[in-house]
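Here is how the chains run, residue by residue.
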Amino acid sequence: MPDLVFSVDQAKSMRDQAVPGHNRWHPDVPAAVMVRPDSDIRIECREWTDAQIGNNDSANDVRDVKLDGCHMLSGPIGIEGAEPGDLLVVDILDLGPVPQEVGEAPGQGWGYTGVFSKQNGGGFLTDHYPDAYKAIWDFHGQVATSRHIPGVRFTGITHPGLFGTAPSAELLGRWNERERALIATDPDRVPPLALPPLESGTLAGTATGETLAAIARDGARTVPPRENGGNHDIKNFSRGSRVFYPVHQAGGLLSGGDLHFSQGDGEITFCGAIEMGGFIDFHVDLIKGGMETYGVTTNPFFMPGNVEPRYSEFVTFIGISVDHETNTNYYNDATLAYRNACLNAIAYLKKFGYSGEQAYLLLGAAPIEGRVSGVVDIPNACCSLYLPTQIFDFDIRPGGAGPQKADRGQCAVSS
Ligand code: ZN
C-alpha cells in the first residue's frame, strides 16, 4: 500500500482538516509532508470547490458558488533533494472517488457537472448559455449515469484536473505581471480575462503571520495551467500516466486535486468534468538536472497511460473559425473553430429530444475527443469533435427513419 501522506475527512472543509491544504500558488506555502524519491504515496482530495455543490435538483449552488476559495488543493508534498532544474517524475498508479459509502460530498458515490453563469465564471459557450445548470452523475464502478441526462451511460476516463509544483518567486512574479497586463486590456470584461491575486478566501496550508499575508497578497490563482503544470484538465492524465514536472523551487512542492471521474476534451462547461473528491496514488521520483537534459524550459510533459474507455465509433462534428451569425471571418482561430464544432454537436443532439443545456453538459462530461484538425488553411482553422455513439442507449447515428425524438427530461436549473 502507498503511504497516506495527505489525508482528508470528507465531512469537513479543507480549512478544518488536521493539516489543511491550500488554494494559491506561492513558493512559501509550507510543505505539508516530506517524502523520499522512489516512494509510493497516497493523497486524498476534496472536490475543487470544497464541496459547495449538492446532490439535488437545483443549480442555485452552481450559480452562487464562491470562487475565491477554489481550487482546494492537497499538499504541498515536498520531495527530499529536489532542486530547481530537476524533473519530478510522477507516475499515476491509481485514483478514484472516495472509497467509503455514499455521502454528501462530491465523490461519495456521485459527482456533478456544472455550467457556470456568465456573471460568475462563465464557460466556453457562455454567450449562448449564460445561466447556471447542473447534472448529477451516479457512479456504478467505472460507469456514470445521470438522472438529469437520461439515455446515456459511459465509462469514465478518471484523472486529476490539476497537479503542479510550486513556482519560484521569480516565476510567480512573471505570472502576475503578464496576467495583470492581459486584464488591463479590458478590465471590466464579464467574465474577466484572468483572475489576479485575491486576499479574500486565501488558504495557505500551515502558513501564519507575515508568510500568510504575503501568500494572500501575491499568490497566483489556480484556474489556468502554467509553467508549473496546474489546471491542465487533460483527460488522458489517467491511470498509468507518467508526468514530468519541472522543479522551480527547492523540494519541488507538488500539490493538486480537482479529481474528475470523466471529462470531454476542452472541459467546455468550465466545471465541465464530472467533479469529485477522492484519492490518488503516485510513485514519485527525481531526474537530477532533468530540465536541461530533456529541453524543458516551460511546461511539464507526460506519457499517457494505456487504460482508457475503448470507444471506437463516433459521429464527428466540424467547426471553422467563422462567426456564422455575423458572417465574420477570424484568422485561424482554433478556439472559435472548436466552439462551432460544439454548437454543431448540440444542434444535432437537440433533434433527439435533449435540451441544449443537457447536450452542453454532456459534451463537457462524456469522453468526447476534441482535435485540432487544421490550422494552416487560411483563413479558417478547423476543429473536430468526436462524439462516441456507444455512450447512448439508443441509436444516434443519422439514417433510417431520422432522429428518434423522445422526452429526455431536463437538467437542474437555477431559480
Ligand atoms: Zn475540475
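Quick notes on the rules
Here the residue numbering is sequential within each chain, running from 1 through the sequence in written order. Where totals are concerned, whole chains, interfaces and linings use all residues; where local detail is concerned, this predicted model gives features only for residues with pLDDT of at least 70, and gives and counts side-chain atom pairs only at 80 or more. The basis for every side-chain value is the complete set of non-hydrogen atoms in the structure, without hydrogens or water. Secondary structure elements follow DSSP: runs of H or I no shorter than four residues count as helices, runs of E no shorter than two count as strands, and numbering proceeds from the N terminus. Expected span of a helix: the number of residues minus one, times 1.5 Å. Three labels apply to residues, based on accessible area from a 1.4 Å probe with only protein chains included: buried if under 20% of the type maximum, exposed if over 50%, partly exposed otherwise in between. Throughout, the arc means that of the directions going from the helix axis to the C-beta atoms. Every residue pair with non-hydrogen atoms within 4.5 Å of one another is taken to be in contact. The donor set covers N, O and S atoms within 2.8 Å of the metal, switching to 3.2 Å for Na, K and Ca, and it leaves out water, so a site may look short of donors. Where each domain starts and ends follows an automatic or database-derived domain assignment. Note on terms: buried area is the combined drop in 1.4 Å-probe accessible area of two parts once they are placed together, counting the loss on both. Here, strands pair whenever DSSP counts at least two bridges between them. Between N-to-C directions, angles cover 0 to 180 degrees, with each direction set by a line fitted to C-alpha atoms, over the stretch in contact for helices.

1. As for helix 2 (residues 169-184)
In this model, helix 2 (16 residues) spans 22 Å end to end at C-alpha, consistent with the 22 Å of a helix rising 1.5 Å per residue. Listing the buried residues of helix 2 in full gives Leu171, Leu172, Trp175, Asn176, Glu179 and Ile183. Across the axial projection of helix 2, the buried residues extend over an arc of 135 degrees, all falling on one side. Facing away from the buried side of helix 2 by over 90 degrees, the exposed positions are Glu170, Glu177 and Ala184. Of the surrounding elements, those touching the buried residues of helix 2 are helix 3 (209-218) and strand 11 (225-226).

2. Examining unusual backbone geometry
Backbone torsion omega between Cys70 and His71 reads -10 degrees, so that peptide bond is classified as cis. Position of His71 relative to the elements: it lies in the loop between helix 1 (60-63) and strand 4 (74-79). Between Val190 and the following residue, Pro191, the backbone shows a cis peptide bond with an omega angle of -10 degrees. Its location among the elements puts Pro191 in the loop between helix 2 and helix 3. Unusually for a residue other than glycine, Asp38 sits at a positive phi of about 65 degrees. Inspection of the secondary structure puts Asp38 in the loop between strand 2 (33-35) and strand 3 (39-45). Located in the positive-phi region is Asp258, a residue other than glycine, with phi close to 55 degrees. Locating Asp258 in the fold gives a position in strand 14 (residues 254-260).

3. Structural notes on the coordination of the zinc ion
The coordination sphere of the zinc ion contains the protein donors Asp258 (OD), Asp258 (OD), His260 (NE2), Glu275 (OE) and Glu275 (OE), at a distance range of 1.9 to 2.8 Å. In the primary sequence, the donor residues of the zinc ion line up as D-x1-H-x14-E. Taken together, the positions of Asp258 in strand 14 and Glu275 in strand 15 (residues 270-276) put the pair 17 residues apart, joining distant regions of the chain. Comparing Asp258 with Glu275, the two get one shared label, buried.

4. Describing the domain arrangement of the chain
Domains assigned within the chain are domain 1 (3-303) and domain 2 (314-413). Centre-to-centre, using C-alpha coordinates, domain 1 lies 27 Å away from domain 2. Taken together, the 38 residues of domain 1 in the interface contact 32 residues of domain 2. When the buried area of domain 1 at its contact with domain 2 is split by residue, Phe124, Tyr129 and Asp265 rank highest and sum to 22% of it.

5. Considerations on the sheet that holds strand 22 (residues 382-388)
With antiparallel pairing, the three strands of this open sheet are ordered in space as 18-22-21. In this open sheet, the two strands that pair with only one neighbour each are strand 18 (314-320) and strand 21 (369-374). For this sheet, the mean inter-axis angle between neighbouring strands, taken without regard to orientation, is 25 degrees. Pairing of strand 21 with strand 22, which is carried by five bridges, proceeds in the antiparallel orientation. Bridging across to strand 22, Gly370 finds its partner in Leu385. Here helix 5 (residues 334-350) sits on the sheet and contacts strand 18, strand 21 and strand 22; the angle it forms with strand 18, its principal contact strand, is near 135 degrees.

6. Describing the pairing of strand 14
A large share of strand 14 lies buried, amounting to seven of its seven residues. Along strand 14, one buried face is formed by Leu254, Gly256, Asp258 and His260 and the opposite face, lined by Ser255, Gly257 and Leu259, is buried too. Sheet analysis places strand 4 next to strand 14, joined by two bridges and oriented antiparallel. For Ile77, the partnering residue across the bridge sits in strand 14 and is Leu254. Bridging between strand 10 (residues 159-165) and strand 14 involves six bridges; their strand directions are antiparallel. Bridging from a neighbouring strand, Gly164 pairs with Ser255 of strand 14. Pairing of strand 14 with strand 15, which is carried by two bridges, proceeds in the antiparallel orientation. Bridge pairing links Leu259 to Met276 in strand 15.

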